[in-house]
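Structural overview for review
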Amino acid sequence: MKTLMIVCAVASLCAFSALADDVSTPKFSIKPTGRILMDGAVYMGGNSKIENDEDTKFVDGVAIPDLRLGAKASYGKWKAKIDVGFGYGKVGLKDTYIEYDINENNFIRGGYFVPQWGLNSETSSSMKPSYEEPTSNEFFYANPRLLALMWVYDKGQYFAGTSVFTEANAMKKNATEMGKQSWGVQTRLLYRPKHIDGDVLQLGCSFNYSSPDNEEHNGFNYSANFPSRVSKVTDLSATIDHAKGSFKLSPEFLLIKGNMAFEAQYYYMNVIRKDGFKNFKAHGAYGMFRALLIGSQYTYTHTDAGVATPAAGSLEMVLGYNYTKGSDSSAAVWGGISQDANCTFNYYVNSWMIARLRYSYTTVRDRKVENLLPKRHVNILEARLQIIF
């Protein structure tokens, strides 16, 4: 039923496009969008030899973790987008929003999308230069797709993205089914004294406050997988009950000099608890060095305040390191402490095709979670061919 509604919506947009051809200004346009990711992975040293071990196994293999079809439309100052995902045979809505450009420096967006928060909000899940997002970004639930209203200011040396939102489940269930809805506010604030192609210096910080969003709306569940989508194996896992809300902040740094770039982000979270339970505190950080081995220079994207996709024919090397501490003894929560070192090569074949190759070494320790080993490590070699338009 959901798929039928989506197809009807796209058909309606196409019909309206035909009617709008008779109008000189403003002009209505619509174009199809889509993507497909094809992954293969080999895991080395990742499985324990403990008899009756219940922890999930790494299994070498291939997968199509993301397949999407949709459409983008524009009419004067109005824009709209709708995406349908078919990853692993499951159908679900992805970006679905409408946007109004107030002027060249301000716009408002409402719908289901990833609001601005940190550096990783400027790239979609398939466009991460490090192949997969940093573990810290996943564990701290930094960039989920939410039902939100966002205002973005982008002018000169300053950038701000401010959002109010409710939880993602509001797209799957009505309020009666949920019993209660989580809500939150967040903002990304940037200062960029240099922001031209090939020469960028950007500093900023993101803030977030949200109410409990687990099924009972009295706690939070934070988790992250090892950085691969062929085998999905839990890396970090923390459940915090008796919660009133969570506060997160994340300073960020971006530097571009010609054909080299460096980005870094720190994460801090404090889950405020009640009934005499100690607050849960966690932190993490990642750093990423990027270099164009073939290609002239990195360019800057203003709309999202980050590094633009390199030009066709570019060959890029990315070196990254991530540290995440999801254990807090004072709160009696041991979600694990994870480290990840990785190297990725990205070849931008043309404007719609990218080939990626990545090696990573990931460890986790200090876990006290049911059915998970207290410590684990794995070497991952994976490759991806992606088509996106």
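Scroll up a little and you will see the structure.
This section reports on the structure supplied with the text. It should be emphasised that the depicted structure is a prediction, and the values quoted were computed from it without experimental measurement.

1. Quick look at the overall build of the chain
- Along the backbone of the chain there are three helices and 20 strands.
- For the chain, the C-alpha radius of gyration of 21 Å lies close to 21 Å, the compact-globule estimate for 389 residues.
- In terms of overall dimensions, the chain has C-alpha extents of about 70 × 55 × 45 Å along its principal axes.
- The long-range share in the chain, meaning contacts at least 24 apart out of those at least 6 apart in sequence, stands at 63%.
- Summing over all exposed atoms, the chain offers an accessible surface of approximately 18100 Å²; the carbon and sulfur share of this is 60%.
- Separation of charge centres in the chain, based on 42 positive and 38 negative side chains, amounts to 2 Å.

2. A few points about unusual backbone geometry
- Notably, Tyr131 is not glycine yet its phi reads approximately 80°, a positive angle.
- Following the sequence through the fold, Tyr131 ends up in the loop between strand S5 (106-113) and helix H2 (135-139).
- The exposure class assigned to Tyr131 is buried, which follows from its relative accessible area of 0%.

3. Re the packing of aromatic side chains
- This structure, assessed with the given rule, holds 13 aromatic pairs.
- With a centroid separation of 6.3 Å and 55° between ring planes, the pair formed by Phe253 and Phe262 is classed as tilted.
- When its relative accessible area of 33% is taken as the criterion, Phe262 is described as partly exposed.
- Taken together, the ring pairs connect Phe139, Phe140, Phe220, Tyr222 and Tyr267 into an aromatic cluster.
- The cationic tip of Arg109 hangs over the ring face of Tyr97; the distance from NZ or CZ to the ring centre is 4.2 Å.
- Between Lys368 and the ring centre of Trp334, over which it is positioned, the NZ or CZ distance is 4.4 Å.

Calculation rules
- Residues numbered from 1 in each chain as written.
- Predicted model: local features only at pLDDT ≥ 70, side-chain atom pairs only at ≥ 80, totals over all residues.
- Heavy atoms only, no water.
- Helix = DSSP H or I, 4+ residues; strand = E, 2+ residues; numbered from the N terminus.
- Rg over C-alpha atoms; globule rule 2.2 N^0.38 Å.
- Contact = heavy atoms within 4.5 Å.
- Areas by Shrake-Rupley, 256 points an atom, 1.4 Å probe, with all protein chains shown as cover.
- Lys, Arg positive; Asp, Glu negative; His and termini not counted.
- Charge placed at Lys NZ, Arg CZ, Asp CG, Glu CD.
- Buried < 20%, exposed > 50% of the residue type's maximum accessible area, 1.4 Å probe, protein only.
- Phe/Tyr/Trp six-rings, centres within 6.5 Å; stacked < 30°, edge-to-face > 60°.
- Lys NZ or Arg CZ within 6 Å of the ring centre and 35° of its normal.

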